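Geometric and topological summary
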Amino acid sequence: MSTVDPRSVEEARQQIRALISEIEELSKTDAAEAEFFRGLLERVIEAMGAVAGLVWLTGKEGRVEPIAHLKMQDTGLSDNEEVQSAHSGMVHALMNSPSGLLVPPQAAITSPDGKPSGANPSSLLVVGVPVDRGEDRQGLIEIFHQPNQADVERGYLKFLQQVAVVAGAYLDRKQIKTLDTQQSALEQVDRFSRALHESLDPVATAFVLANEARRIIGCDRVSVLVKKGRKLRLEAVSGQESIERRASAVRAIESLARVVAKARDPLWHPDAERELPPQIEEELENYIDESHSTAMAILPLEKPRLTPVVKPGGVDAVAVAKAESPPKEAPDPIGVLVVEWFSSTTFEGGKRARVELVAEHGRVALSNAIDHTTMPLHRLTSLLNKSKALTTARNLPKTVLAAVAFIAFIASLTLIRVDLRLEGKGTLEPVHRRDVFADIEGVVEQLEQNLKHGSEVKEGELLAQLRNTDLEVAMTDILGRKASSEEQLVATRRSLLEDKGLSNDEKNRMAGRAAQLRREIESLEQQQRLYEHKKTDLEVRSPIDGVIVTWQVRDRLLFRPVERGQVLMSIADKTGEWELEIHMADDRLGHINKALSRAEKEGQKLEVDYILATDPGTRHYGIVEEIHEQAEVRGEQGNTVLVRITIDPARHEKEELGAGATVTARVNCGTHALGYVWFMDVMAFFQTQIFFRLW
C-alpha cells in the first residue's frame, strides 16, 4: 500500500494557489481576450503537464468559436472532417454541462434523455469546464491530457474549475469596462447631438459642429462649409473664433470642397484603391501644400430624405412612396465636412465610422437650420417670437411701463420745441485793424527803440527802416552818370563860345551834342527823383493809430530780409469796435440763412451768444452782421463759411479784449422740435447718404 507524502501535497497546493494568483493578476490587466486566454493556456498546460489546450467563446451571433489554442497539432483532431465533427459535438455537450466533465479517450457523451450528444475522438483525456459570466455561459476551457488515475483526473477537473472562475471574472470585468466605454461614448454623442440641434442659425450650427465633432472623432482639425446662395463658404474651423477670408488656405479649402461637392462622393485621402479625377486631385494637392495634412476626409452633407409618417391606421403609403422615390434632380449638397489629421495616415480604429456618424448628425442639423432661416418672413417671425417673453403675466407690467415711457419719450421729442443753436468756433478781432506791409524788398536795418508787442503807435509814425543795397547802387550810378553828362555839357558850351576857328559843320555838330547832353541830364534827374521817392519806401510807417499786436516783433524782423508785400506786423485799434469771426460748417449755413431772412422780415437782428476761452464762465451776446458768400477749406474743420458778428465791447473788461482770442459762439436759428435738435446730424446723414441715393 502506497502512501502520499504530505509535504509533496502541500507544495502542489501552493503551486496551484500561486498559479491561480498569477492568472488573477493577468485577468486584471488590459490584455485583449486572445492574449489573456493564450497566457492562461500556457500556465494551465504547464501546471497540469497537459498535452494541449483550447479555449472557446460565444460570438455575437451565438456561435461558439475558438479564441486561443496551444499545441493542438499533438491531439490528432485535424486528421479528417469526421473527427472534427465529433469533436464539435463534444464541445457543444461540454458547453451544456453544469460544471464541467471528464471525457475519457474514445468515450461518448449522452444527454439527460439518454441520446448521444458527442464523443471524444482522440486518444487523450479531455477535461472540459464551461466559463460563466454571471448567469450567462460565455465559453469553454478544453484541456487534453494523458489518462491517469481517477482521483488525479478529478483533481484536474477541480483545478480547471477554479481557473474557469478566474476566466469568468475576467470576462465580467471586460464587459463592465466595455459597457462603461460604450456608455461614455453614448453620453458624448448625446451631448454632441443636443448641442448641435440647440440653434437654428446655420453659422452657429456650423461652429458647434466643427468644435464638438473634433472631440467625437479625435482628429486634429474639423472645418465646416455651408452653402450660401450657389457657393460653399467656409463658416467654422475648430479652435478658431474667426476666419481670415483673404488667406490662401481658406480659398484652397473652399475650391477643394466645391469640386468634391459636385462629385457628391466622399473623399478619403489617402486611399490607394481609388483613383481621383484630375480636377479633384489638382485641388487636393493645392490644399495639402497649404495645410500639410497627412490624412483627411471630405464628406458632402446632403439634405436628408423624407421619413414616412406613421398614422394611427398604419404607415402612410403616399409618404412612403415619396420618401422612396428618387428625386427628379440630384440636389446640391447643403454643406461639406472636412476632417484632417496631421500625424496619421490611416482610418483604422473606428475613425471612419465616427466621421460618418458626425456627418449624419451634421447634415440633419444644418438642413433644419437652413430650412428655418430661408422661410418667408423669417426675420419678422423671429422678432415676434422674441417679443412673447415681454407679454407674459410676470413681465407684462414692466412691458407696459416701458412702452408708456417710450411713447412719452417719442411724444416729447415731437411736441417739445426748443431753440436750435448752431455752434461754431472763431476769434475775437477789432474791426479797425491793419497789417503793415513792406513796400520794397530789403533788410530791416533798424526798428524804433520802443517798438514791441503792445506798443501804442500813431498814424504815420516811423516803425522801421529798411536798407536796399540795389537801390543805393542805382542811386550812385545815376548821380555819377549825371555828373559826367554835366561836365561834358559845360565843355561843349565852352568850345562853342571860345573857339572862333570852328567851321559851320563843326558848330552844328557840337550844338547837337550839347542838346543831347541836356536831354540825358533831364532823364537822369527824373530817374533820380523816382529813386528818391522809392527811397522813402524804405521807411515803414504806421497806417493807423493803434497797438502793435504782433508777438516778438523785434526778434522776427531785426536784420531779417523781407520781400515786397510781406506782412511785417499788425496794428489794431482796440479803442474802436470789435467783432467775432466765426467759422461755421457749410452744412449749417442753410439754417442760419433761413433764420437771418426771417429776422430781417420781422425787422430784428439774428442773435448770437458766445463765450471767450479766457472767461468761459461768462456768456456774452452779439448779432450777425455779415455772412461770407464763399466757403473755404480750413484745416480739420473742413468746408466752413466765415460769419461776422458784431459785439458791444463795453460789456467786456479791458483785459478780455485780446485780438485773436478763441471764441465759441452759438447762432440762434429759431425753435424746432426737440427730436430734430438732438438728432439733426443723424437725419442729415440719412437724407444725404441713403434717401438721396434711393430716389
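Bear in mind that the values here come from a model prediction, so they are computed numbers and not experimental data.

So, about the packing of helix α5 (residues 202-217) against helix α9 (residues 351-373). Close contact between α5 and α9 brings their axes to 10 Å; oriented N to C, the two are set at 170 degrees. One finds that α5 runs roughly antiparallel with respect to α9. Every residue of α9 that contacts α5 at Pro-202, Thr-205, Ala-206, Leu-209, Ala-213, Ile-216 and Ile-217 is listed here: Arg-354, Val-355, Val-358, Gly-362, Ala-365, Leu-366, Ala-369, Ile-370 and Thr-373. The residue makeup of the contact of α5 with α9, split by class, is 12 nonpolar, three polar and one charged.

This brings us to the sheet that holds strand β1 (residues 52-58). Taken in spatial order, the five strands of this open sheet run β2-β1-β7-β6-β3, and their pairing is antiparallel. The open sheet has two free edges, formed respectively by β2 (64-70) and β3 (101-103), since each of these has just one partner strand. On average, each strand axis in the sheet is inclined to that of its neighbour by 20 degrees, with strand direction left out of account. Taken together, the six bridges between β1 and β2 define a ladder with antiparallel strand orientation. Bridged to Val-55 within β2 is Ala-68. The strands touched by helix α2 (residues 33-48) within the sheet are β1, β2 and β7 (136-145), with β2 carrying the most contacts at an inclination of about 55 degrees.

Between side chains of opposite charge, a pair can form when the charged atoms approach closely. What the rule picks out here adds up to 28 salt bridges. Between Glu-429 and Arg-433 there is a salt bridge, and its shortest N-O distance comes to 4.0 Å. Assessed through its relative accessible area of 15%, Glu-429 is described here as buried. The salt bridge partner of Arg-644 is Glu-626, with a shortest N-O separation of 2.6 Å. With Arg-644 in strand β28 (residues 639-647) and Glu-626 in strand β26 (residues 615-627), this pair connects stretches of sequence that are 18 residues apart. According to the relative accessible area criterion, Arg-644 is partly exposed, its value standing at 22%. On the accessibility criterion, Glu-626 (40% relative accessible area) is partly exposed. Connected through shared salt-bridge partners, Lys-228, Arg-233, Glu-235, Arg-245, Glu-254 and Arg-258 make up one network.

Our focus in this paragraph is the nonpolar core. Inside soluble globular proteins, nonpolar side chains tend to come together where they are buried. Of all hydrophobic cores here, the largest spans 33 residues; its most connected members are Phe-36, Phe-37, Val-44, Ile-141 and Ile-143. At the level of secondary structure, the elements contributing two or more residues to this core comprise α1 (6-27), α2, β1, β2, β6 (125-133), β7 and α4 (150-196). No other element matches the 10 residues that α4 contributes to this core. Not counting chain neighbours up to four residues away, the residues in contact with Val-44 comprise Ile-23, Ile-143, Phe-159, Leu-160 and Val-163. Counting 29 residues, the second largest nonpolar core, distinct from the first, contains Ala-206, Ala-210, Trp-268 and Phe-347.

This brings us to helix α6 (residues 248-263). The first and last C-alpha atoms of α6 sit 23 Å apart over 16 residues, in line with the 22 Å expected at 1.5 Å per residue. Every buried residue of α6 is listed here: Val-250, Ala-252, Ile-253, Glu-254, Leu-256, Ala-257, Val-259, Val-260 and Ala-261. Looking at the buried positions of α6, the neighbouring elements they touch are β8 (221-228), β9 (231-237), β10 (267-269), α7 (278-291), β11 (295-301) and β14 (335-341).

Within the secondary structure, Asp-30 sits in the loop between α1 and α2. Given a relative accessible area of 66%, Asp-30 falls into the exposed group. Asp-30 sits 144 residues away from Lys-174 along the chain, and the two C-alpha atoms are 8.5 Å apart.

With respect to the helices and strands, Val-339 occurs in strand β14. Each C-alpha atom, one on Val-339 and one on Val-222, is 4.6 Å from the other, the two residues being 117 residues apart in sequence. Excluding its chain neighbours within four sequence positions, the residues that come into contact with Val-339 are Ile-217, Cys-219, Arg-221, Val-222, Ala-295, Met-296, Ala-297 and Val-355.

Side-chain positions along a regular strand alternate between the two faces of the sheet. The buried count for β6 comes to eight of nine residues, which makes it a mostly enclosed element. Strand direction decides the pairing type here: β3 and β6, joined by three bridges, are antiparallel. Counterpart to Leu-102 in the pairing with β6 is Val-127. Judged from the nine bridges that link them, β6 and β7 form a sheet pairing that is antiparallel. From the neighbouring strand, Leu-125 faces β7, where its bridge partner is His-145. Between the end of β6 and the start of β7, which pair antiparallel, lie two residues, with Gly-134 showing a positive phi angle near 70 degrees.

Right, let's get into unusual backbone geometry. Residue His-269 is joined to Pro-270 through a cis peptide bond whose omega torsion reads 5 degrees. Tracing the backbone shows Pro-270 in the loop between β10 and α7. At Arg-264, a residue that is not glycine, the phi angle is positive and equals roughly 60 degrees. Along the chain, the position of Arg-264 falls in the loop between α6 and β10. If you check the backbone angles, His-292 has positive phi at about 60 degrees while not being a glycine. Residue His-292 is classed as exposed on the basis of its relative accessible area, which comes to 59%.

Parameters at a glance
Residues numbered from 1 in each chain as written. Predicted model: local features only at pLDDT ≥ 70, side-chain atom pairs only at ≥ 80, totals over all residues. Heavy atoms only, no water. Axes fitted to C-alpha atoms, helices over the stretch in contact; angles between N-to-C directions. Helix = DSSP H or I, 4+ residues; strand = E, 2+ residues; numbered from the N terminus. Parallel < 35°, antiparallel > 145°, perpendicular 65-115°, else oblique. Contact = heavy atoms within 4.5 Å. Nonpolar A, V, L, I, M, F, W, Y, C, P; charged D, E, K, R; others polar. Pairing = 2+ DSSP bridges. Salt bridge = Lys/Arg side-chain N within 4 Å of Asp/Glu carboxyl O. Buried < 20%, exposed > 50% of the residue type's maximum accessible area, 1.4 Å probe, protein only. Core = buried A, V, L, I, M, F, W, Y, C linked by side-chain atoms within 4.5 Å. Expected span 1.5 Å × (residues − 1).

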